[in-house]
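# Structural features, examined
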Amino acid sequence: MHSITLNGQVYELDVPDDMPLLWAIRDVLGFTGTKFGCGISQCGACTMHLEGMPIRSCSTPVSAATGKNVTTIEGIGDDPVGRQVQKAWVDVGVAQCGYCQCGQVMSATALLQRIPKPDDEAIEGFMSGNICRCGTYNRIKTAIHQAASKLEEE
Amino acid sequence: MKPSYRNFNLTNQTLDRRDFIKGVGATGALILAANWTWAQEEERKYGGEGMPGGTVEDPKVFVRINEDGTVAITCARSEMGQGIRTSLALVVADELEADWDLCRVEQAFGDQDLYGNQDTDGSRSMRHWFMPMRRCGAAARAILEQAAADQWKVAVSEVRASRHKVVHQKSGREIGYGELAESAAKTPVPSDEAIKLKSPEDFRYIGQEQTLNIDGMDMISGRATYGADLRFDDMHFAVVARPPVFGSVVESFDSSEALKVNGVVKVIEIEGKKAPSEFHPLGGIAVVATNTWAAIKGREALKIQWSASENDGYDSTTYRQAMEKAAQNPGKLIRNVGDVDQALAQAESKFSATYYMPHIAHAPMEPPAAIALFKDGFLEIWAPSQAPQVTRQRVAERVGLPLEKTRVNVTLLGGGFGRKSKPDFVIEAAELAQQFPGRAIQVQWTREDDIHHDYLHTVSAERLEAGFDAEGNATSWLHRSVAPTILGIFAPDQVHQAGFELGMGFNNAPFDIPNMRMENPGIPVHVRVGWFRSVSNIPRAFAVQSFISELADEAGEDHKEFYLKLLGKNRQIDPREMTDDWNHGENPKLYPVDTGRLRKVVDTATREAGWGKKLPKGRGMGLAAHYSFVTYVAAVLEVEVLDGGTLIIHNANMAVDCGPQINPDRIRSQMEGSCVMGIGLATTGEISFAGGKAQQSNFHDYQVPRIPLAPKKIAIHLVDPGKGVELGGVGEPGVPPVAPALCNAIFAATGKRIRELPIRDQLG
Ligand code: FES
Ligand code: FES
């Protein structure tokens, strides 16, 4: 039995230790905001925060999250940085199909939590683990800059 | 058990008009496949009317006024990132004089008789549905005006709908749409003459600069519903082991170890179909479990004996040699103007080159996935489908249910790019669901499944030869195109390309050259080849636009001037004169190939890019232009190649003439995405085969662009199409010019000519 705190709520998970967090949360708990894209830490679609650290949940076993705090896209709007990132994403019209965007928002939030005013190079470095097949990269950059400015104003 | 489901945020149409449905319609894709020989001119229909099911503009099908004042607009095209749920709804809302904030979008299920054609492909949604949706919105507005006039007992000519209410100016009375909902529902649809379209200067949403996305917030908060996102009580999850080589089948299998995996419920064989396998599943062994992880683990524990296949020998190296050899020799004659042989024999100078482009995989971020529930003899499906009506028809046929016992709901698509026009993955879910009555079954493809079992973009060798007279004028053009055809999934022994493949930048090359010949030498098909965003336009643009750059370089002329000279005087060419009877399905009289519009996008893109300006050492600019999906696009890329071969793309300027621009922001976003996708297929896109098996499996070896490879700046320039021009496509025409513009820029920067994609380590 694994007990994890997901977006502030405690859940008991009766699953094998090695089940990736992604599947435990999507299939067993039924929160499907986090997406599956590759299963091998290549695409970032499954990005969650584990104790505030961005992780690839497709490759993180449930056992690594036992007794810990997990934030998913469903909860990121409660974070002031996450909320500003979401707002910027809508303003700039980043999303095309949107499938990668939950992961992008989770990574971008983690970036701004660490580097409040990233330059293009820092954005490219931090965000290069998140693939967008629709090719929204330029708007992602614009939106991150916008969120950073708004957060600075706050 | 009463299944309840959660997470379904995409409101589906609930209107059920099955009672009124005419006979069971036939099928999108087969008709499409049969279309390479067109019907006689007099019976030929074009545009939306030429599609199976045609168009529908009945406001009672697409619009519902709710008593709370909201307006529900139905979208019958699939959302896959192009923004169509927003853009079509904006068109209806504008004509309806509705306030966007009070509009909701409902997603149609697959039903061609009710909604008309639903094939979300071919860059056709706005092109074919702009006018029907305008008329639909205008008719709904007329209904509301009539309802208000009836209520006030005044002439309808005295009332006017404006901004979500109807106003009677004389008396100063006004009434909101919500209050009219009930009476409007009983008001008949007005006659055609009573429907008045708004005048374009009164548009509030159509053609306006606005950044809107009806699903925008849902998409970034985890609320949006994609193919794998519904959750039912006690649902099961399945993955399928499919044949490693196309055409191979299960000879025997042992499921005993798989069944021991914690969570695995059942192992079931799915039948494949011998080629041509159309949209049928590949067949294989499904592992059904209580969660996806258990299903994946179970599949790893399967022992399967696969049969030999006639495609075991498919090998990309030898196949390429065969294609290039075929391109050296005459093939099926497609277009012939003047006498190319004689002109080449007399030419002062000649030049030839062959360009190769491998298979590529769509790899939408969302791998194929679908959910099916078979309950009380009724099969309901939720799937990210580009063609829900075709899916419904194929599913019904395959599981042996009448059409009216099936329903295909459309979720959001996490990218489609043509992959999700083919319902093989949905049929898998349907078949499994039949074995678990009352229980929802989700089929999940892993990324490896997706890469190994895609309906791949074709592989191609394009050979070009041109001859020039003493003054440097082009006198001859010989183009041979060799590529396995999409027809291979529909019919046996197909070696030549279909009209819809030829008409993608091959026979319809609009150059002013007196002697031209196009040939299509045959080559057999060994895999499932399908439509990939922009289809055959990609290798054609790569070959033709690279070749022209090479010719300009040979002649010592500026590439842009040289290209415009080849285009010749501004003229409108009937595509049929170039043997292109297909013309992207559009009426050749309304949609001639217009070299003036092509010239204009070239002028715009080069001007905006600062074509000809001096660049720092190691940098170069490259141009390419292409006409496809009845839209004109030119791209200029500015690149830098560092020592060691690292590529930096500094600027991309793309000029687009897609006719009237309905939702400019989404046109730009499609072009930005096309630019990145074009860069990806040019730099790293390749699926290769050895021993009949795809050699790549996931994003580590099938690489797609990441953020550092995107151009540092992308500027999209929307060109004024001028008056009287019809709508063009948007989703696809941006892709083709990108790869050649990139390769031409690399040549300008380094002197290195790329004739083979992907570029990968050719710069190192
Ligand atoms: S699904 Fe986890 S990184 Fe791709
Ligand atoms: S928006 Fe479609 S994959 Fe990123």
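Just so it is clear, the model here is predicted, and its values are computed rather than measured.

Our focus in this paragraph is the overall build of chain B. Regarding its fold elements, chain B presents 20 helices and 30 strands. Taken over the C-alpha trace, chain B has a radius of gyration of 27 Å; the compact-globule value for 764 residues is 27 Å, and the two agree within 12%. Along the first, second and third principal axes, the C-alpha set of chain B runs to 80 × 75 × 50 Å. Within chain B, the proportion of its 764 residues that are buried is 66%. Counting only contacts in chain B whose residues sit at least 6 apart along the sequence, the fraction spanning at least 24 positions is 79%. Counting only carbon and sulfur atoms, one obtains 48% of the accessible surface of chain B, whose full area is about 26,600 Å². Side chains of chain B give 84 positive and 98 negative charges; the mean places of these two sets differ by 2 Å.

This part takes up the interface of chain A and chain B. Counting from both sides, the interface comprises 49 residues of chain A and, opposite them, 64 residues of chain B. Note on chain A versus chain B: buried area summed over both sides is about 4,500 Å², and carbon and sulfur give 57% of it. Scanning the region where chain A abuts chain B turns up six salt bridges. There are 26 residue pairs in polar contact (both at pLDDT 80 or more) connecting chain A and chain B. Elements that contribute at least two residues to the side of chain A that touches chain B include exactly helix 1 (21-28), helix 2 (73-76), helix 3 (80-92), helix 4 (101-114), helix 5 (120-127) and helix 6 (137-153) of chain A.

A few words on the nonpolar core. Judged by nonpolar contacts, the single largest core of 256 residues is most densely connected at Trp89 of chain A together with Phe62, Val166, Trp477, Phe511 and Leu757 of chain B. Setting aside anything within four residues of it in sequence, one finds leucine 757 of chain B in contact with Tyr356, Met357, Pro358, Phe542, Leu681, Ala682, Ala739 and Cys743 of chain B.

A word on the pairing of strand 1 (residues 2-6) of chain A. Residues and elements named next belong to chain A. The element strand 1 is largely enclosed, with a buried count of four among its five residues. Judged from the five bridges that link them, strand 1 and strand 2 (residues 9-13) form a sheet pairing that is antiparallel. Residue pairing in the sheet places serine 3 in a bridge with glutamate 12 of strand 2. Taking the residues between adjacent antiparallel strands as the criterion, strand 1 and strand 2 are bridged by two residues, where asparagine 7 takes a positive phi near 50°.

All names here are of chain B. Size it by volume and the largest pocket reaches roughly 680 Å³. Together, 27 residues line the largest pocket, and Phe130, Pro660, Val725, Glu726 and Leu727 are the ones closest to its centre. Among the residues forming the lining of the largest pocket, the class breakdown is eleven nonpolar, nine polar and seven charged.

What follows concerns the environment of alanine 552 of chain B. Residue and element names in this part refer to chain B. Residue placement: alanine 552 occurs in helix 16 (residues 537-555). Taking C-alpha positions, alanine 552 is 7.9 Å from tyrosine 563, a pair spaced eleven residues apart along the chain. Ignoring sequence-local partners within four residues, the contact set of alanine 552 consists of Glu557, Asp558, His559 and Phe562.

On to the sheet that holds strand 20 (residues 460-468) of chain B, then. Residues and elements named next belong to chain B. On the basis of which strands lie adjacent, the open sheet formed by five strands has the order 14-22-21-20-15 and mixed pairing. With one partner strand each, in any of the chains shown, strand 14 (332-337) and strand 15 (349-357) form the two edges of the open sheet. Adjacent strand axes in the sheet meet at a mean angle of 10° when their direction is disregarded. Sitting on the sheet, helix 10 (residues 316-328) is in contact with strand 15, strand 20 and strand 21 (474-482), with an inclination near 150° to strand 15.

Here we come to the packing of aromatic side chains. Residue and element names in this part refer to chain B. Evaluation of the coordinates by the stated rule reveals 21 aromatic pairs over all chains. Linked through ring pairs, Phe279, Phe490, Phe500, Trp531 and Trp582 together constitute an aromatic cluster. Cation over ring: arginine 419 sits above tryptophan 445, and NZ or CZ is 5.1 Å from the ring centre. A cation over a ring is seen here: arginine 528 above tyrosine 455, with NZ or CZ 3.8 Å from the ring centre.

In total, this model carries 58 salt bridges over all chains according to the counting rule given. The partner of lysine 35 of chain A in a salt bridge is aspartate 229 of chain B, with the nearest N and O atoms 2.6 Å apart. Note that lysine 35 of chain A is positioned in the loop between helix 1 and strand 3 (47-50) and aspartate 229 of chain B in the loop between helix 7 (216-219) and strand 8 (231-232), a pairing that runs across two chains. We classify aspartate 229 of chain B as buried; its relative accessible area is 1%. Salt bridges here are not isolated pairs; linked through shared partners, they connect Asp94, Glu97, Asp99, Lys198 and Arg204 of chain B.

This part is about the confidence of the model for chain B. Close inspection of predicted coordinates is inappropriate for parts of the model with low pLDDT. Residue and element names in this part refer to chain B. For chain B, the mean per-residue pLDDT works out to 94, and 95% of the residues sit at or above 70. Confidence drops under a pLDDT of 50 for residues 1-5, and excluding neighbours within four residues, the segment shows 16 contacts in the predicted structure. Note on residues 13-41: pLDDT under 50 across the span, and 54 contacts to partners over four residues away in sequence or across chains. Scored as a whole, the predicted complex attains pTM 0.95, and scored at its interfaces, ipTM 0.98.

What follows deals with the sheet that holds strand 4 (residues 103-107) of chain B. One key point about sheets: their strands pair by backbone hydrogen bonds, in either a parallel or an antiparallel sense. All names here are of chain B. Judged by pairing direction, the sheet is mixed, and its three strands sit side by side in the order 2-3-4 without closing on themselves. Looking at strand neighbours, the two that pair on one side only are strand 2 (63-65) and strand 4, the edges of this open sheet. Neighbour-to-neighbour, the strand axes of the sheet open up by a mean angle of 25°, direction not taken into account. One ladder, built from five bridges, connects strand 3 (residues 71-75) with strand 4; its direction is parallel. When the bridges of strand 4 are listed, isoleucine 73 appears paired with valine 105.

Here the focus is helix 12 (residues 388-399) of chain B. A turn of α-helix holds 3.6 residues, and therefore any two residues three or four places apart point the same way. Residues and elements named next belong to chain B. Between the first and last C-alpha of helix 12 there are 16 Å, a value that for twelve residues agrees with the 16 Å anticipated at 1.5 Å per step. A large share of helix 12 lies buried, amounting to eleven of its twelve residues. Residues Pro388, Gln389, Val390, Thr391, Arg392, Gln393, Arg394, Val395, Ala396, Arg398 and Val399 constitute the buried set of helix 12. Remark: glycine 400 follows helix 12 within two positions and exhibits a positive phi of approximately 75°.

A few words on unusual backbone geometry. Residues and elements named next belong to chain B. With an omega of -5°, the peptide bond between alanine 275 and proline 276 qualifies as cis. Mapped onto the elements of the fold, proline 276 is located in the loop between strand 11 (264-270) and strand 12 (284-289). Here the residue pair leucine 757 and proline 758 is connected by a cis peptide bond, since its omega of -5° sits within 30 degrees of zero. The backbone of glutamate 278 shows a phi angle near 45°, a positive value even though the residue is not glycine. With a relative accessible area of 9%, glutamate 278 lands in the buried category.

All names here are of chain B. The buried fraction of strand 26 (residues 631-641) amounts to eleven of the eleven residues, a majority that puts the element mostly inside the structure. Of the two faces of strand 26, the one holding Thr631, Val633, Ala635, Leu637, Val639 and Val641 and the one holding Tyr632, Ala634, Val636, Glu638 and Glu640 are both buried throughout. Here strand 25 (residues 619-628) folds back onto strand 26 in antiparallel fashion, the turn holding two residues, of which phenylalanine 629 has a positive phi close to 50°. Pairing geometry for strand 26 and strand 27 (residues 647-657), over ten bridges, is antiparallel. In the sheet register, valine 636 faces strand 27, and the bridge partner there is asparagine 653. Hairpin connection, strand 26 to strand 27: the antiparallel pair is bridged by five residues, and glycine 644 has positive phi, about 95°.

Residue and element names in this part refer to chain B. Along its sequence, chain B is carved into domain 1 (17-221), domain 2 (227-309 + 368-444) and domain 3 (316-360 + 455-750). Once you take the C-alpha centre of each, domain 1 and domain 3 turn out to be 36 Å apart. Each partner contributes to the interface: domain 1 provides 30 residues, whereas domain 3 provides 31 residues. Buried surface at the junction of domain 1 and domain 3, both sides included, amounts to about 2,300 Å², of which 56% is carbon and sulfur.

Below, the discussion takes up the side chain of glutamine 82 of chain B. Residue and element names in this part refer to chain B. Here glutamine 82 shows up in the loop between strand 3 and helix 3 (84-96). A distance of 2.8 Å separates a polar atom in the side chain of glutamine 82 from the backbone nitrogen of methionine 80. Discounting residues that sit within four places of it in the chain, glutamine 82 has contacts with Thr120, Arg666 and Gln670.

Cut-offs applied
Residues numbered from 1 in each chain as written. Chains lettered and ligands numbered in written order. Predicted model: local features only at pLDDT ≥ 70, side-chain atom pairs only at ≥ 80, totals over all residues. Heavy atoms only, no water. Helix = DSSP H or I, 4+ residues; strand = E, 2+ residues; numbered from the N terminus. Rg over C-alpha atoms; globule rule 2.2 N^0.38 Å. Buried < 20%, exposed > 50% of the residue type's maximum accessible area, 1.4 Å probe, protein only. Contact = heavy atoms within 4.5 Å. Areas by Shrake-Rupley, 256 points an atom, 1.4 Å probe, with all protein chains shown as cover. Lys, Arg positive; Asp, Glu negative; His and termini not counted. Charge placed at Lys NZ, Arg CZ, Asp CG, Glu CD. Buried area = accessible area lost by both parts, 1.4 Å probe. Salt bridge = Lys/Arg side-chain N within 4 Å of Asp/Glu carboxyl O. Polar contact = N/O pair within 3.5 Å; in protein donor to acceptor, adjacent residues only side chain to side chain. Core = buried A, V, L, I, M, F, W, Y, C linked by side-chain atoms within 4.5 Å. Pairing = 2+ DSSP bridges. 1 Å grid on protein atoms, 1.4 Å probe; cavity = no way out; pocket = protein on both sides within 12 Å on 5 of 7 lines; lining within 4 Å. Points joined across faces, edges and corners; volume = space filled by probe spheres on them. Nonpolar A, V, L, I, M, F, W, Y, C, P; charged D, E, K, R; others polar. Axes fitted to C-alpha atoms, helices over the stretch in contact; angles between N-to-C directions. Phe/Tyr/Trp six-rings, centres within 6.5 Å; stacked < 30°, edge-to-face > 60°. Lys NZ or Arg CZ within 6 Å of the ring centre and 35° of its normal. pLDDT = per-residue confidence, 0-100. Expected span 1.5 Å × (residues − 1). Domains from an automatic or database assignment.

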